[in-house]
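Structure at a glance
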Amino acid sequence: MKINGEKNNGNNIIQDIKTIKTIKTNLKNGELIRRLLLDYNLLNKDYKLKKSNNDLYLPLNKELEEMEDINENDLKNVISQNKSQNGIIEFEIITLKESDFEKSNGKKNPSFKDYLITNYDEELKNGTIAHAYDIIGDIVILQISDEISKEERLKLGEKAKELIPSVRAVFRRESDVKGEYRVRDLEHLAGEKDTLTLYKENGYKLYVDVAKVYFSPRLSWERNRIMQKIEKDDIIIDMFCGVGPYSIACKDAKKIYSIDVNPEAIKLLKENIKLNNLENKIIPILEDVRKVNLKGNRIIMNLPKYANQFVDKALELVEDGGTIHYYMVGADLNEGIELFKSKCDFEVLESRVVKSYSPREYVFVIDFKIIKNNKNNKE
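The present account deals with the structure reproduced in this document. Please read these numbers as outputs of a predicted model, since none were measured by experiment.

**Re the environment of Asp238**
The topology assignment puts Asp238 in strand β14 (residues 235-238). By relative accessible area, which is 1% here, Asp238 ends up buried. A C-alpha to C-alpha distance of 7.3 Å links Asp238 and Ile256, two positions 18 residues apart in sequence.

Have a look at this one:
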(Lines give C-alpha, C1' and ligand atoms only; values in the text may rest on other atoms or scores of the structure.)
Protein backbone atom coordinates (compact mmCIF):
# COMPACT_ATOMS: atom_id res chain seq x y z
CA MET A 1 0.00 0.00 0.00
CA LYS A 2 1.28 3.45 -0.87
CA ILE A 3 0.52 6.71 0.85
CA ASN A 4 1.75 10.26 0.93
CA GLY A 5 2.33 10.39 -2.80
CA GLU A 6 2.98 14.11 -2.63
CA LYS A 7 5.13 16.17 -4.92
CA ASN A 8 8.08 18.15 -3.67
CA ASN A 9 7.44 21.64 -5.07
CA GLY A 10 11.11 22.28 -5.63
CA ASN A 11 12.33 19.03 -7.12
CA ASN A 12 9.08 17.41 -8.31
CA ILE A 13 10.03 14.26 -6.38
CA ILE A 14 7.31 11.83 -5.28
CA GLN A 15 7.66 10.54 -1.76
CA ASP A 16 6.53 6.92 -1.60
CA ILE A 17 6.11 5.37 1.85
CA LYS A 18 4.90 1.78 2.14
CA THR A 19 2.75 1.02 5.16
CA ILE A 20 1.28 -2.08 6.79
CA LYS A 21 -1.92 -2.41 8.76
CA THR A 22 -1.00 -3.90 12.10
CA ILE A 23 -2.65 -5.25 15.23
CA LYS A 24 -1.19 -3.85 18.45
CA THR A 25 -1.85 -5.80 21.64
CA ASN A 26 -0.10 -6.65 24.88
CA LEU A 27 2.29 -9.58 24.98
CA LYS A 28 0.02 -11.82 27.06
CA ASN A 29 -2.66 -11.80 24.33
CA GLY A 30 -0.24 -12.00 21.42
CA GLU A 31 -0.23 -15.78 20.94
CA LEU A 32 -4.02 -16.02 20.86
CA ILE A 33 -4.30 -13.26 18.26
CA ARG A 34 -1.45 -14.78 16.24
CA ARG A 35 -3.30 -18.10 16.05
CA LEU A 36 -6.54 -16.40 15.04
CA LEU A 37 -4.82 -14.49 12.26
CA LEU A 38 -3.20 -17.69 11.01
CA ASP A 39 -6.61 -19.42 10.96
CA TYR A 40 -7.97 -16.69 8.69
CA ASN A 41 -4.78 -16.38 6.59
CA LEU A 42 -4.43 -12.74 7.67
CA LEU A 43 -1.00 -12.79 9.31
CA ASN A 44 1.68 -11.33 7.04
CA LYS A 45 4.45 -13.92 7.18
CA ASP A 46 6.87 -11.77 5.20
CA TYR A 47 7.73 -9.87 8.38
CA LYS A 48 8.73 -10.81 11.90
CA LEU A 49 6.47 -9.84 14.77
CA LYS A 50 7.63 -6.65 16.46
CA LYS A 51 8.00 -6.37 20.25
CA SER A 52 8.27 -3.07 22.11
CA ASN A 53 8.12 -2.90 25.91
CA ASN A 54 4.99 -4.90 26.82
CA ASP A 55 3.36 -4.57 23.39
CA LEU A 56 3.33 -6.89 20.39
CA TYR A 57 2.74 -5.75 16.80
CA LEU A 58 1.35 -8.30 14.31
CA PRO A 59 1.48 -7.26 10.61
CA LEU A 60 -1.64 -8.00 8.56
CA ASN A 61 -1.80 -9.41 5.05
CA LYS A 62 -2.73 -7.05 2.26
CA GLU A 63 -5.72 -9.34 1.63
CA LEU A 64 -7.50 -7.57 4.50
CA GLU A 65 -7.71 -4.47 2.33
CA GLU A 66 -8.42 -6.35 -0.92
CA MET A 67 -11.25 -8.61 0.22
CA GLU A 68 -14.57 -6.89 -0.27
CA ASP A 69 -16.40 -9.00 2.31
CA ILE A 70 -14.02 -8.19 5.18
CA ASN A 71 -13.52 -4.93 7.00
CA GLU A 72 -11.76 -3.89 10.18
CA ASN A 73 -14.94 -4.12 12.25
CA ASP A 74 -15.36 -7.76 11.19
CA LEU A 75 -11.82 -8.52 12.28
CA LYS A 76 -12.35 -6.72 15.57
CA ASN A 77 -15.51 -8.76 16.21
CA VAL A 78 -13.70 -12.06 15.58
CA ILE A 79 -10.91 -11.19 18.00
CA SER A 80 -13.18 -9.63 20.61
CA GLN A 81 -15.35 -12.73 20.96
CA ASN A 82 -12.31 -14.75 22.05
CA LYS A 83 -11.66 -14.27 25.75
CA SER A 84 -8.56 -14.96 27.76
CA GLN A 85 -8.46 -15.78 31.45
CA ASN A 86 -8.17 -12.06 32.11
CA GLY A 87 -11.34 -11.15 30.24
CA ILE A 88 -11.86 -9.31 26.95
CA ILE A 89 -8.76 -9.01 24.77
CA GLU A 90 -7.58 -5.44 24.35
CA PHE A 91 -6.07 -4.51 20.97
CA GLU A 92 -6.18 -1.89 18.25
CA ILE A 93 -5.59 -1.81 14.49
CA ILE A 94 -2.97 0.77 13.52
CA THR A 95 -0.82 1.61 10.50
CA LEU A 96 2.97 1.34 10.68
CA LYS A 97 5.71 1.91 8.14
CA GLU A 98 7.04 -1.18 6.40
CA SER A 99 10.50 -0.17 7.63
CA ASP A 100 9.32 -0.65 11.23
CA PHE A 101 9.33 -4.42 10.65
CA GLU A 102 12.20 -6.80 10.04
CA LYS A 103 11.81 -9.12 7.06
CA SER A 104 11.28 -12.74 8.06
CA ASN A 105 13.86 -13.81 5.48
CA GLY A 106 16.30 -12.11 3.15
CA LYS A 107 14.13 -12.58 0.08
CA LYS A 108 10.37 -12.36 -0.10
CA ASN A 109 8.71 -15.42 -1.57
CA PRO A 110 6.40 -14.47 -4.44
CA SER A 111 2.69 -15.02 -3.89
CA PHE A 112 0.31 -16.38 -6.50
CA LYS A 113 -1.20 -12.91 -6.81
CA ASP A 114 2.27 -11.46 -7.43
CA TYR A 115 2.76 -14.09 -10.13
CA LEU A 116 -0.54 -13.16 -11.79
CA ILE A 117 0.27 -9.43 -11.75
CA THR A 118 3.73 -10.02 -13.22
CA ASN A 119 2.70 -12.46 -15.96
CA TYR A 120 -0.98 -11.81 -16.73
CA ASP A 121 -1.50 -8.08 -16.36
CA GLU A 122 -3.61 -7.75 -19.54
CA GLU A 123 -5.79 -10.77 -18.65
CA LEU A 124 -6.40 -9.34 -15.18
CA LYS A 125 -7.46 -6.03 -16.68
CA ASN A 126 -9.88 -7.54 -19.20
CA GLY A 127 -11.31 -10.01 -16.68
CA THR A 128 -10.35 -13.28 -18.37
CA ILE A 129 -8.35 -14.13 -15.24
CA ALA A 130 -9.52 -12.96 -11.80
CA HIS A 131 -7.37 -11.79 -8.90
CA ALA A 132 -9.77 -13.47 -6.50
CA TYR A 133 -9.80 -17.19 -5.79
CA ASP A 134 -11.39 -19.36 -3.11
CA ILE A 135 -9.42 -21.47 -0.66
CA ILE A 136 -11.60 -24.18 0.88
CA GLY A 137 -9.55 -26.35 3.21
CA ASP A 138 -6.67 -27.59 1.07
CA ILE A 139 -8.48 -26.97 -2.23
CA VAL A 140 -8.14 -23.82 -4.37
CA ILE A 141 -10.76 -22.77 -6.92
CA LEU A 142 -9.57 -20.29 -9.56
CA GLN A 143 -11.65 -18.03 -11.80
CA ILE A 144 -10.33 -18.31 -15.37
CA SER A 145 -12.31 -17.67 -18.54
CA ASP A 146 -12.80 -20.27 -21.28
CA GLU A 147 -10.94 -17.79 -23.51
CA ILE A 148 -7.69 -18.85 -21.82
CA SER A 149 -6.29 -21.97 -23.48
CA LYS A 150 -6.35 -25.33 -21.73
CA GLU A 151 -2.55 -25.42 -21.74
CA GLU A 152 -2.38 -22.01 -20.04
CA ARG A 153 -5.08 -22.98 -17.51
CA LEU A 154 -3.09 -26.08 -16.51
CA LYS A 155 0.05 -23.96 -16.16
CA LEU A 156 -1.82 -21.56 -13.86
CA GLY A 157 -3.11 -24.48 -11.81
CA GLU A 158 0.41 -25.81 -11.26
CA LYS A 159 1.62 -22.34 -10.25
CA ALA A 160 -1.26 -21.95 -7.80
CA LYS A 161 -0.39 -25.30 -6.21
CA GLU A 162 3.25 -24.23 -5.96
CA LEU A 163 2.72 -20.73 -4.56
CA ILE A 164 -0.41 -20.97 -2.37
CA PRO A 165 0.47 -22.57 0.99
CA SER A 166 -0.95 -25.98 2.02
CA VAL A 167 -2.72 -26.68 -1.28
CA ARG A 168 -3.51 -30.26 -2.27
CA ALA A 169 -5.70 -29.68 -5.33
CA VAL A 170 -6.51 -26.86 -7.76
CA PHE A 171 -9.73 -26.53 -9.75
CA ARG A 172 -11.25 -23.92 -12.03
CA ARG A 173 -14.79 -22.61 -11.68
CA GLU A 174 -16.20 -23.84 -15.00
CA SER A 175 -19.80 -22.67 -14.55
CA ASP A 176 -21.96 -20.52 -12.33
CA VAL A 177 -24.00 -22.13 -9.56
CA LYS A 178 -26.87 -23.95 -11.24
CA GLY A 179 -29.66 -26.47 -10.77
CA GLU A 180 -31.82 -27.39 -7.82
CA TYR A 181 -28.79 -28.43 -5.76
CA ARG A 182 -26.87 -25.17 -6.41
CA VAL A 183 -23.61 -26.73 -7.57
CA ARG A 184 -21.13 -25.63 -10.22
CA ASP A 185 -19.02 -27.51 -12.74
CA LEU A 186 -15.32 -27.65 -11.93
CA GLU A 187 -12.29 -28.30 -14.12
CA HIS A 188 -9.34 -30.07 -12.48
CA LEU A 189 -6.08 -28.18 -13.05
CA ALA A 190 -3.44 -29.56 -10.67
CA GLY A 191 -2.78 -31.86 -7.73
CA GLU A 192 -5.25 -34.48 -6.54
CA LYS A 193 -8.68 -34.90 -8.09
CA ASP A 194 -10.47 -35.63 -4.80
CA THR A 195 -13.01 -32.84 -4.15
CA LEU A 196 -13.67 -33.57 -0.45
CA THR A 197 -11.84 -31.35 2.03
CA LEU A 198 -11.90 -30.26 5.68
CA TYR A 199 -12.50 -26.54 6.16
CA LYS A 200 -12.08 -24.53 9.38
CA GLU A 201 -13.69 -21.23 10.38
CA ASN A 202 -14.96 -19.46 13.50
CA GLY A 203 -13.82 -22.26 15.81
CA TYR A 204 -15.61 -25.14 14.05
CA LYS A 205 -14.81 -27.60 11.25
CA LEU A 206 -16.74 -28.64 8.16
CA TYR A 207 -16.43 -31.42 5.62
CA VAL A 208 -17.10 -29.87 2.20
CA ASP A 209 -17.26 -31.58 -1.19
CA VAL A 210 -16.76 -28.69 -3.60
CA ALA A 211 -18.17 -30.67 -6.55
CA LYS A 212 -21.39 -31.81 -4.84
CA VAL A 213 -22.52 -28.89 -2.66
CA TYR A 214 -22.54 -25.09 -2.70
CA PHE A 215 -20.12 -23.51 -0.23
CA SER A 216 -18.58 -20.05 -0.01
CA PRO A 217 -15.64 -19.33 2.30
CA ARG A 218 -16.25 -15.63 1.65
CA LEU A 219 -19.25 -15.76 3.99
CA SER A 220 -17.12 -16.68 7.01
CA TRP A 221 -17.33 -13.15 8.40
CA GLU A 222 -21.08 -13.00 7.88
CA ARG A 223 -21.53 -16.33 9.66
CA ASN A 224 -19.45 -14.94 12.52
CA ARG A 225 -21.83 -11.95 12.70
CA ILE A 226 -24.82 -14.28 13.02
CA MET A 227 -22.98 -16.38 15.60
CA GLN A 228 -22.64 -13.37 17.88
CA LYS A 229 -26.41 -12.71 17.78
CA ILE A 230 -27.47 -16.18 18.94
CA GLU A 231 -29.15 -16.47 22.35
CA LYS A 232 -29.47 -19.68 24.35
CA ASP A 233 -33.28 -19.90 23.95
CA ASP A 234 -33.27 -19.39 20.17
CA ILE A 235 -34.98 -21.91 17.91
CA ILE A 236 -33.20 -21.63 14.55
CA ILE A 237 -34.58 -22.66 11.16
CA ASP A 238 -31.84 -22.74 8.52
CA MET A 239 -33.93 -22.89 5.35
CA PHE A 240 -31.13 -23.70 2.89
CA CYS A 241 -28.46 -25.21 5.11
CA GLY A 242 -26.04 -26.91 2.71
CA VAL A 243 -23.33 -28.68 4.72
CA GLY A 244 -24.31 -26.62 7.77
CA PRO A 245 -21.98 -23.61 8.13
CA TYR A 246 -24.75 -21.30 9.39
CA SER A 247 -26.37 -24.05 11.44
CA ILE A 248 -23.13 -24.88 13.21
CA ALA A 249 -22.39 -21.18 13.69
CA CYS A 250 -25.67 -21.12 15.66
CA LYS A 251 -24.43 -23.87 18.02
CA ASP A 252 -25.24 -21.87 21.17
CA ALA A 253 -28.97 -21.88 20.34
CA LYS A 254 -31.47 -24.22 22.01
CA LYS A 255 -32.35 -26.08 18.80
CA ILE A 256 -31.45 -25.78 15.10
CA TYR A 257 -33.54 -27.24 12.26
CA SER A 258 -31.31 -27.59 9.17
CA ILE A 259 -33.14 -28.09 5.89
CA ASP A 260 -31.87 -28.79 2.38
CA VAL A 261 -33.10 -30.54 -0.72
CA ASN A 262 -29.62 -31.77 -1.72
CA PRO A 263 -29.01 -35.30 -0.34
CA GLU A 264 -25.23 -34.89 -0.60
CA ALA A 265 -25.42 -31.73 1.50
CA ILE A 266 -27.47 -33.43 4.20
CA LYS A 267 -25.10 -36.41 4.18
CA LEU A 268 -22.15 -34.11 4.85
CA LEU A 269 -24.19 -32.09 7.36
CA LYS A 270 -24.71 -35.24 9.43
CA GLU A 271 -20.95 -35.82 9.45
CA ASN A 272 -20.37 -32.19 10.42
CA ILE A 273 -22.85 -32.45 13.28
CA LYS A 274 -20.84 -35.37 14.68
CA LEU A 275 -17.53 -33.65 13.97
CA ASN A 276 -18.59 -30.66 16.09
CA ASN A 277 -20.40 -32.69 18.80
CA LEU A 278 -23.79 -31.12 18.11
CA GLU A 279 -25.98 -34.23 17.91
CA ASN A 280 -28.22 -32.86 20.66
CA LYS A 281 -28.69 -29.48 18.97
CA ILE A 282 -29.03 -29.82 15.18
CA ILE A 283 -31.82 -31.72 13.43
CA PRO A 284 -31.01 -32.38 9.73
CA ILE A 285 -34.00 -32.49 7.39
CA LEU A 286 -33.75 -33.65 3.75
CA GLU A 287 -36.74 -31.91 2.20
CA ASP A 288 -37.97 -29.00 0.12
CA VAL A 289 -38.40 -26.29 2.77
CA ARG A 290 -41.83 -25.43 1.35
CA LYS A 291 -43.08 -28.79 2.63
CA VAL A 292 -41.79 -28.34 6.17
CA ASN A 293 -44.07 -27.36 9.05
CA LEU A 294 -42.01 -25.84 11.90
CA LYS A 295 -41.82 -22.75 14.10
CA GLY A 296 -38.75 -20.81 15.16
CA ASN A 297 -37.80 -17.35 16.34
CA ARG A 298 -34.76 -16.94 14.06
CA ILE A 299 -34.91 -17.83 10.36
CA ILE A 300 -31.85 -17.89 8.07
CA MET A 301 -32.55 -17.38 4.35
CA ASN A 302 -29.13 -17.79 2.77
CA LEU A 303 -30.24 -18.20 -0.84
CA PRO A 304 -29.57 -14.67 -2.15
CA LYS A 305 -30.55 -15.11 -5.80
CA TYR A 306 -33.88 -16.84 -5.09
CA ALA A 307 -34.77 -15.95 -1.49
CA ASN A 308 -37.54 -13.61 -2.70
CA GLN A 309 -39.46 -16.69 -3.83
CA PHE A 310 -39.49 -18.10 -0.28
CA VAL A 311 -40.53 -15.06 1.79
CA ASP A 312 -44.08 -16.34 2.32
CA LYS A 313 -42.71 -19.62 3.64
CA ALA A 314 -40.27 -17.81 5.94
CA LEU A 315 -43.16 -15.82 7.38
CA GLU A 316 -45.03 -19.07 8.05
CA LEU A 317 -42.00 -20.43 9.91
CA VAL A 318 -41.17 -17.38 12.05
CA GLU A 319 -42.88 -16.52 15.31
CA ASP A 320 -44.17 -12.98 15.86
CA GLY A 321 -41.33 -11.00 17.35
CA GLY A 322 -38.78 -13.29 15.68
CA THR A 323 -36.00 -12.39 13.27
CA ILE A 324 -35.51 -13.25 9.61
CA HIS A 325 -31.98 -12.94 8.22
CA TYR A 326 -32.82 -12.25 4.57
CA TYR A 327 -30.07 -12.46 1.93
CA MET A 328 -30.71 -10.91 -1.47
CA VAL A 329 -28.99 -9.85 -4.69
CA GLY A 330 -29.59 -6.36 -6.05
CA ALA A 331 -28.31 -2.86 -6.65
CA ASP A 332 -29.68 -1.65 -3.30
CA LEU A 333 -31.79 -2.77 -0.34
CA ASN A 334 -35.09 -1.24 -1.41
CA GLU A 335 -36.37 -4.27 -3.31
CA GLY A 336 -36.13 -6.49 -0.22
CA ILE A 337 -37.65 -3.90 2.09
CA GLU A 338 -40.58 -3.24 -0.24
CA LEU A 339 -41.22 -6.98 -0.58
CA PHE A 340 -41.51 -7.40 3.20
CA LYS A 341 -43.66 -4.23 3.51
CA SER A 342 -46.34 -5.91 1.42
CA LYS A 343 -46.46 -8.92 3.73
CA CYS A 344 -45.82 -7.91 7.36
CA ASP A 345 -45.03 -5.19 9.88
CA PHE A 346 -41.34 -5.19 10.71
CA GLU A 347 -38.35 -3.33 12.04
CA VAL A 348 -35.00 -3.43 10.25
CA LEU A 349 -32.50 -4.36 12.94
CA GLU A 350 -29.44 -4.26 10.72
CA SER A 351 -28.48 -4.30 7.04
CA ARG A 352 -25.17 -4.51 5.25
CA VAL A 353 -23.36 -5.40 2.06
CA VAL A 354 -22.07 -8.96 2.37
CA LYS A 355 -20.01 -9.07 -0.82
CA SER A 356 -19.98 -8.03 -4.47
CA TYR A 357 -22.05 -10.11 -6.87
CA SER A 358 -21.53 -8.39 -10.23
CA PRO A 359 -20.24 -4.98 -11.37
CA ARG A 360 -23.55 -3.31 -10.46
CA GLU A 361 -25.03 -5.70 -7.90
CA TYR A 362 -24.26 -6.84 -4.37
CA VAL A 363 -25.31 -9.55 -1.95
CA PHE A 364 -27.10 -7.77 0.91
CA VAL A 365 -28.36 -9.06 4.22
CA ILE A 366 -31.32 -7.45 5.98
CA ASP A 367 -32.21 -8.53 9.53
CA PHE A 368 -35.98 -8.12 9.85
CA LYS A 369 -37.68 -8.24 13.25
CA ILE A 370 -41.22 -9.39 12.45
CA ILE A 371 -43.58 -7.33 14.63
CA LYS A 372 -46.88 -8.43 13.11
CA ASN A 373 -46.87 -11.31 10.70
CA ASN A 374 -49.79 -11.19 8.28
CA LYS A 375 -49.22 -14.85 7.42
CA ASN A 376 -49.72 -15.81 11.07
CA ASN A 377 -52.66 -13.48 11.62
CA LYS A 378 -54.81 -14.30 8.57
CA GLU A 379 -56.85 -16.73 10.60
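**Re the side chain of Ser216**
Note that Ser216 resides in the loop between β13 (204-209) and α7 (220-229). The contacts of Ser216, once residues within four sequence positions are left out, are Arg223 and Lys355.

**Structural notes on the packing of aromatic side chains**
In the structure shown here, the tally under the stated rule is 13 aromatic pairs. The interplanar angle of 20 degrees and the centroid separation of 6.4 Å between the aromatic rings of Phe112 and Tyr115 together place this pair among those described as stacked. With Phe112 and Tyr115 both in helix α4 (residues 112-119) and 3 residues apart, this pair spans about one turn of that helix. Each member of the pair, Phe112 together with Tyr115, is buried. Taken together, Phe112, Tyr115, Tyr120 and Tyr133 form an aromatic cluster joined through their ring pairs.

**Notes on the sheet that holds strand β18 (residues 318-330)**
Sheet strands line up and pair through hydrogen bonds in the backbone, either parallel or antiparallel. Spatially, the 7 strands line up as an open sheet ordered β16-β15-β14-β17-β18-β20-β19, and their pairing is mixed. In the strand order of this sheet, the two ends are held by β16 (282-286) and β19 (344-358), each with one partner. On average, each strand axis in the sheet is inclined to that of its neighbour by 15 degrees, with strand direction left out of account. Strand contacts of α7: β17 (296-301), β18, β19 and β20 (361-373), with the helix running at about 170 degrees to β18, the strand carrying the most contacts.

Each value, and the rule that gives it
Every chain is numbered on its own, with residues counted from 1 as its sequence reads. Whole-chain, interface and lining totals are the exception, using all residues; otherwise, since this is a predicted model, local features are given only for residues with pLDDT of at least 70 and side-chain atom pairs are given and counted only at 80 or more. Excluding hydrogens and water, the side-chain figures rest on all heavy atoms present in the structure. Secondary structure counts use DSSP, requiring at least four H or I residues in a row for a helix and at least two E residues in a row for a strand, with both numbered from the N terminus. Three exposure classes are used, based on accessible area relative to the maximum for each residue type with a 1.4 Å probe and protein chains only: buried under 20%, partly exposed in between, and exposed over 50%. In what follows, a contact means two residues having at least one pair of non-hydrogen atoms within 4.5 Å. Only centres within 6.5 Å qualify two rings of Phe, Tyr or Trp (six-membered ring in Trp) as a pair; their planes then separate them into stacked at under 30 degrees, edge-to-face at over 60, and tilted for everything else. When DSSP locates at least two bridges between a pair of strands, those strands are taken to pair. Angles shown run from 0 to 180 degrees and are taken between the N-to-C directions of axes, each axis being a line fitted to C-alpha atoms and, for helices, limited to the stretch in contact.

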